[in-house]
Amino acid sequence: MEATGTDEVDKLKTKFISAWNNMKYSWVLKTKTYFSRNSPVLLLGKCYHFKYEDENKLLPARSGCTIEDHIIAGNVEEFRKDFTSRIWLTYREEFPQIEGSTLTTDCGWGCTLRTGQMLLAQGLILHFLGRAWTWPDALNIENSDFESWTSNTVKKFTASFEASLSEERELKTPTISLKETIGRYSDDHEMRNEIYHRKIISWFGDSPLALFGLHQLIEYGKKSGKKAGDWYGPAVVAHILRKAVEEARHPDLQGITIYVAQDCTVYSSDVIDKQCASMASDHADDKAVIILVPVRLGGERTNTDYLDFVKGILSLEYCVGIIGGKPKQSYYFAGFQDDSLIYMDPHYCQSFVDVSIKDFPLETFHCPSPKKMSFRKMDPSCTIGFYCRNVQDFKRASEEITKRSCEMHIPVTRRAPDLERPE
């Protein structure tokens, strides 16, 4: 009887914390982000220059945009559409209970798992849809910067806590439906893209069956001594993602693998071996690979000498982002302007979305509000990600990455003494 009472107290405590975190983390999108029109913006290998308007001329060398083939001049809307099309994974609440715990939310502890999911999602976007893909509805999402978060958050907190006390809290199915979405696409290619768009998001759903959902990632993390409620570092998450992809049995995922660098060193022969590993008879080509490189860019603080290196990496078309952030706060870095990194923030608590239902709403999986942070504030521990479609792609990427590393005198073929080994 006493044990039962203790369980009830634990459940009530968990629900209260969930309700409190919902209020606490719903303030994250309140602030606006400003971009200069005088400096180029790089987003995962694409360069946008908001001021330059003559598309027939190249940008001046001082612009910092070195990938001329990827220059998109004078179009703010194109940048907004590109950024919003990236998949955004955030804290969620009211999802099915995590096995071995009473937790139904990851608020306050799951941010690095979420940024890892975002990086993997971008790799899958490149794999199935390509870098040129953008979501047709990206600009239709209302920018949350202009919403009144104060009243909405307080109301949600009150309702959430009252429901917890009365034991009436249920898993809510969103009322917004996108049933008309597929019907808008007359082109077979666009319809295929939308199907894969939804499929990729569904793989990150917050349910025990989702291939790359929080529940599965936590299971794989147990082998690293982690459990639900723990804080996960960028290197640990890299190995969890590798295991998740290796264990995925979905037929669409048999053509992609993950390689995690050892001691900040990528061994080409090992990568190629993984790409050429035995595949199903109907897959004659070599595998695509997502390469994850856990690094430490300095000692207690990030060494600013690495700034140009990080900017160079984010300028590469092969880059799928960086799992990084500030101390104890993980962000998904996807670009930069001047000396500020552009990122997506997982620290916003949203309600559970059942991705198993037909035409589940997509809006909460896309962020209309890019955020910026000074490179100087970046935590030195991070994991850098790259995507290569085949062996030839990997060889070209290796040349690009080696070139940029040598320019910064950062060894990539041997161990660097000031770089962190994977956790």
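Whatever comes next refers back to the structure up there.
Keep in mind that what you see is a predicted model, and the values were worked out from it rather than measured.

### Digging into helix H3 (residues 111-128)
Its 18 residues place the ends of H3 26 Å apart at the C-alpha level, agreeing with the 26 Å of an ideal helix rising 1.5 Å per residue. With respect to burial, H3 is a largely interior element, 18 of its 18 residues being buried. Just downstream of H3 lies Gly130, where phi reads positive at about 90°.

### Quick notes on helix H9 (residues 307-314)
Counting buried positions along H9 yields 7 of 8 residues, so the element is predominantly enclosed. Burial in H9 covers these residues: Leu307, Phe309, Val310, Lys311, Gly312, Ile313 and Leu314.

### Observations concerning the pattern of salt bridges
If you walk through the whole model with that rule in mind, you get 16 salt bridges. A salt bridge links Glu77 to Arg80, with the nearest nitrogen and oxygen atoms 3.0 Å apart. With Glu77 and Arg80 both in helix H2 (residues 76-85) and 3 residues apart, the pair spans about one turn of that helix. Asp206 is paired through a salt bridge with Arg114; the nearest N and O atoms lie 3.0 Å apart. With Asp206 in the loop between helix H5 (188-202) and helix H6 (214-221) and Arg114 in helix H3, this pair connects stretches of sequence that are 92 residues apart. By relative accessible area, which is 6% here, Asp206 ends up buried. A residue is classified by how much of its surface remains accessible, and Arg114, at 1% relative accessible area, is buried. Taken together, the shared-partner salt bridges connect Asp82, Arg86 and Arg131 into one network.

### Here's the deal with the nonpolar core
If you look at the biggest cluster of nonpolar residues, it comprises 70 residues, and the most contacted ones within it are Trp109, Leu113, Leu120, Leu124, Phe204 and Phe212. The element that contributes the greatest number of residues to this core is H3, accounting for 9 residues. When sequence neighbours within four positions are dropped, the list of residues in contact with Leu113 reads Leu214, Leu217, Ile218, Tyr232, Val237 and Ile240. Core analysis: the next-biggest nonpolar cluster, separate from the first, contains 36 residues, Ile291, Val293, Cys319 and Tyr343 among them.

### Details of the side chain of Thr302
The topology assignment puts Thr302 in the loop between strand S6 (288-296) and H9. Judged by relative accessible area, Thr302 falls into the buried class, the value being 9%. Looking at Thr302, its side chain comes within polar contact range of the main-chain oxygen of Met378, at 2.4 Å.

### Observations regarding unusual backbone geometry
Phi at Asp263 is positive, roughly 50°, even though this residue is not glycine. Counting through the fold element by element, Asp263 comes out in the loop between strand S5 (256-260) and helix H8 (268-275). Even without being a glycine, Cys264 presents a positive backbone phi close to 65°. In this structure, Cys264 sits in the loop between S5 and H8.

### Considering the packing of H3 against helix H7 (residues 234-247)
Look at H3 against H7: their axes get within 10 Å of each other, and the N-to-C directions meet at 50°. As judged from the angle between their axes, H3 and H7 are oblique. In the packing of H3 onto H7, the handedness of the crossing is right-handed. Between H3, through Thr112, Leu113, Gly116 and Leu120, and H7, the contact on the second element is made entirely by Pro234, Val237, Ile240, Leu241 and Val245. Tallied by class, residues from the contact of H3 with H7 come to 7 nonpolar, 2 polar and no charged.

### Some words on the packing of H3 against H5
Axes are the key here: two packed helices are described by the angle between their axes and the distance separating the axes. Where H3 meets H5, the axes come as close as 11 Å, and the angle between the chain directions of the two elements is 155°. Viewed along their axes, H3 and H5 adopt a mutual orientation that is roughly antiparallel. The element H3 and its partner H5 pack so that their crossing is right-handed. For the pair H3 and H5, the contacting residues are Ala121, Leu124, Ile125 and Phe128 in the first and Arg192, Tyr196 and Ile200 in the second.

### Remarks on the packing of aromatic side chains
Summed over the entire model, instances satisfying the criterion amount to 14 aromatic pairs. When the ring of Phe35 is compared with that of Phe79, the centres are 5.5 Å apart and the planes differ by 65°; the resulting orientation is edge-to-face. Here the residue Phe35 occupies a position in the loop between helix H1 (2-24) and strand S1 (41-43), and Phe79 occupies one in helix H2, the gap between them amounting to 44 residues. Measuring from centroid to centroid gives 4.9 Å for Phe128 and Tyr196, while their planes differ by 15°, and the two rings are stacked.

### Focus: the pairing of S5
In the case of a regular strand, side chains alternate between the two sheet surfaces. In terms of burial, S5 is a largely internal element, 5 of the 5 residues being buried. Across the two faces of S5 the burial is the same, with Ile256, Ile258 and Val260 and Thr257 and Tyr259 all buried. The pairing of S5 with S6 spans 5 bridges and is parallel. By the bridge assignment for S6, Tyr259 is matched with Ile291.

### Topic: the state of the cysteines
Using the criterion set out here, one finds 0 disulfides in the structure. Left unpaired, Cys264 is separated from the closest cysteine sulfur, that of Cys382, by 9.2 Å. Given the relative accessible area of 7%, Cys264 is considered buried.

What counts and what doesn't
- Residue numbers restart at each chain and count upward from 1, following the sequence in its written direction.
- Local features are withheld for residues below a pLDDT of 70 in this predicted model, meaning they are given only at 70 or higher, and side-chain atom pairs are given and counted only at 80 or more; totals for whole chains, interfaces and linings count all residues.
- Calculated side-chain values reflect all of the structure's heavy atoms, with hydrogen atoms and water omitted.
- A run of H or I in DSSP counts as a helix once it spans at least four residues, and a run of E counts as a strand once it spans at least two, with each numbered from the N terminus.
- Here the expected length of a helix is defined as 1.5 Å per residue gap, with one fewer gap than residues.
- For every residue, the accessible area obtained with a 1.4 Å probe (protein chains only) is divided by the maximum for its type, and the residue is called buried under 20%, exposed over 50%, and partly exposed between those limits.
- One side-chain nitrogen of Lys or Arg within 4 Å of one carboxyl oxygen of Asp or Glu is enough to make a salt bridge.
- In plain words, nonpolar cores are sets of buried Ala, Val, Leu, Ile, Met, Phe, Trp, Tyr and Cys residues tied together by side-chain atoms within 4.5 Å.
- What makes two residues a contact is simply this: any of their non-hydrogen atoms within 4.5 Å.
- As used in this structure description, the phrase polar contact means that two N or O atoms lie within 3.5 Å; if the pair is within protein, one of them must be able to donate a hydrogen and the other to accept it, and residues adjacent in sequence are counted only when both atoms belong to side chains.
- Inter-axis angles, ranging from 0 to 180 degrees, are taken between N-to-C directions of lines fitted to C-alpha atoms, where helices are fitted over the stretch in contact.
- Small angles under 35 degrees read as roughly parallel and large ones over 145 as roughly antiparallel, with 65 to 115 read as roughly perpendicular and the rest as oblique.
- If you view the pair so one helix is near and one far, a crossing is left-handed when the near helix is turned anticlockwise from the far one by less than a right angle, and right-handed when it is turned clockwise.
- Under the scheme applied, nonpolar residues are Ala, Val, Leu, Ile, Met, Phe, Trp, Tyr, Cys and Pro; charged residues are Asp, Glu, Lys and Arg; polar residues are all the others, including Gly.
- Only Phe, Tyr and Trp rings are paired, with Trp represented by its six-membered ring, and only when their centres lie within 6.5 Å; those with planes under 30 degrees apart are stacked, over 60 edge-to-face, the remainder tilted.
- Two strands pair if DSSP finds at least two bridges between them.
- By definition, disulfides here are pairs of cysteine sulfur atoms that lie within 2.5 Å.

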